[in-house]
Protein chains: 2
Amino acid sequence: MSKGLQTRDTALREALAQASHVGLKNITIGTLADSLSMSKSGLFAHFRSKEQLQVDVLDHAADLFTRTVIQPALKEPRGLERLRALVDLWLGWDGYADWAMPGGCIFISATMEFDDEPDGPVRDRLVAQQQQWFDSLETVIRGAVREGQLREDLDTLQFAHELYGLMLGHHVASRLLRDPAARERAHTALDRLVAAASPGAGTPAPA
Amino acid sequence: MSKGLQTRDTALREALAQASHVGLKNITIGTLADSLSMSKSGLFAHFRSKEQLQVDVLDHAADLFTRTVIQPALKEPRGLERLRALVDLWLGWDGYADWAMPGGCIFISATMEFDDEPDGPVRDRLVAQQQQWFDSLETVIRGAVREGQLREDLDTLQFAHELYGLMLGHHVASRLLRDPAARERAHTALDRLVAAASPGAGTPAPA
DNA sequence: GTCAGAATCGAACGACCGTGCTTTTATGGT
DNA sequence: ACCATAAAAGCACGGTCGTTCGATTCTGAC
């Protein structure tokens, strides 16, 4: 790898770490340069604008997410086992303290920062990534359906959304409220979610 | 109301609106002053620091939340009816477009901004508010238990957390993904949550 | 070892940041 | 109508922001 690409990579790693706890909007070329013992302008040259840096950080994070969450989960046998592995890896990702993302999942914080922003390169990329993530979730869920472990007529997209909500709840409980029971609560919620989608479960309740 | 308090109130209203879409961290005395056709220093005098302004904005939002969500819900008969009313009002609150909070629920965005911040006046206030909100949720849920509409041995705190996760999911679906089905999905999730907690429902599934 | 090109630096820019001070203007009780 | 006081304005400060540009140093193929 050429010197330039190597520096760029190091910079992105540090930028991700900083973005995870001050927010993607609030990373600063100057602060980042200091952390890397570089000049502002020297660092700046690698990305041609702050906006581009933000997009690159998102891409870097997505790569990392794929390698540390999605791919390992795909090694588990298809079905509920894979789904549970995915959730566990996901919970681990959100708690990636000390290295990579001391401030917790960057996609969650970036979502809240850019959700009501007008369209733009950063928001667009983020939306695309999240939609792709929902696709992956649905695929894994459908795997469990095909294995006969979840019921045939399950609304897999709804399931994916509820799973996502569960993870968001975990994020708040563990990070803001610092609740030691957060992880256990997430598992409980997942169990209930799976139970309601099991082939045995009757059509639920009155509206 | 004296002139000073009136100005202060107007300022807080505007500050809340701006904070809801640039984030509580990123509101600016200067921008805020311009929006109010005031001088920076004239506005600044009302709050003695930016940090104090942020705390005051949170308090202002909490007041508004109590008046528009909690109190109206308390007019419904205790039990599931009240719980569903609360959720509907809550969904409305998160979509308070055009006035008050064009950027969606400020507590959600503030949570993501301050979750991994060290303790401080702003974070502390936010945590206290959220914990109080969880208490209110639990109280309403317990009301449904006492009415015999939810089962006796229900873990009401777990229920509250899952309900909160559901709302967070709605926030993402409606604001980031702009999914028109977001509200319907939230209702579906609530139905499932209630169904699983109904007195009829058997002890769910294998671990 | 040379030399083109890549990588980095240093200095500067205009703009805006939060905050402190002093002065001007508006308010409202008497 | 007066006047103490409250509210707002004006101005300045040191700092940081993203970005530009020209000069400098380093890298790596030949």
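Residues numbered from 1 in each chain as written. Chains lettered and ligands numbered in written order. Predicted model: local features only at pLDDT ≥ 70, side-chain atom pairs only at ≥ 80, totals over all residues. Heavy atoms only, no water.

With that settled, consider the protein's contact with DNA strand D. Taken together, 20 residues sit near DNA strand D, with Thr28 and Lys50 of chain A together with Thr7, Ser41 and His46 of chain B positioned nearest. A share of 63% is what sugar and phosphate atoms reach among the atoms of DNA strand D within 4 Å of the protein. Lysine 40 of chain A places a polar side-chain atom, nitrogen or oxygen, 3.1 Å from a base nitrogen of DNA strand D. Between a base oxygen of DNA strand D and a side-chain N or O atom of serine 41 of chain B, the distance comes to 2.7 Å. Within the residue set of the surface near DNA strand D, elements represented by two or more residues are helix 2 (29-35) and helix 3 (40-44) of chain A together with helix 1 (3-22) and helix 3 (40-44) of chain B. (Near = heavy atom within 4 Å. Polar contact = N/O pair within 3.5 Å; in protein donor to acceptor, adjacent residues only side chain to side chain. Helix = DSSP H or I, 4+ residues; strand = E, 2+ residues; numbered from the N terminus.)

Taken residue by residue, the interface counts 49 residues in chain B and 49 residues in chain A. Carbon and sulfur atoms make up 57% of the surface buried where chain B meets chain A, a total of about 4,000 Å² over both sides. A per-residue breakdown of the area chain B buries against chain A is headed by Met112, Leu176 and Arg192 of chain B, which together make up 17% of the total. Along the contact surface separating chain B from chain A lie 4 salt bridges. A salt bridge links glutamate 162 of chain A to arginine 192 of chain B, with the shortest nitrogen-to-oxygen separation between them at 2.0 Å. Taken together, the connections running from chain B to chain A amount to 13 residue pairs in polar contact (both at pLDDT 80 or more). For the side of chain B that touches chain A, the secondary structure elements donating two or more residues are helix 1, helix 6 (106-114), helix 7 (121-146), helix 8 (156-176) and helix 9 (182-197) of chain B. Of the residues forming the side of chain B that touches chain A, the biggest block, 13 residues, is contributed by helix 8 of chain B. (Contact = heavy atoms within 4.5 Å. Buried area = accessible area lost by both parts, 1.4 Å probe. Salt bridge = Lys/Arg side-chain N within 4 Å of Asp/Glu carboxyl O.)

In this section: the nonpolar core. Counting residues in hydrophobic clusters, the biggest one holds 135 residues, and the most contacted among them are Leu24 and Phe107 of chain A together with Leu24, Phe107 and Leu163 of chain B. Ignoring anything within four residues of it in the chain, the contact list for phenylalanine 107 of chain A reads Leu58, Ala61, Ala62, Phe65, Trp93, Leu126, Gln129 and Gln130 of chain A. (Core = buried A, V, L, I, M, F, W, Y, C linked by side-chain atoms within 4.5 Å. Buried < 20%, exposed > 50% of the residue type's maximum accessible area, 1.4 Å probe, protein only.)

Under the UniProt annotation, the feature "domain: HTH tetR-type" (unreviewed entry) is placed at residues 5-65 of chain A. From the first C-alpha to the last, residues 5-65 of chain A spans 20 Å; its make-up is 75% helix and 0% strand. (UniProt positions renumbered as here; feature names shortened; annotations may be inferred.)

Following the UniProt record, the feature "DNA-binding region" (unreviewed entry) maps to residues 28-47 of chain A here. The distance from the first to the last C-alpha atom of residues 28-47 of chain A is 13 Å, and the span holds 60% helix and 0% strand.

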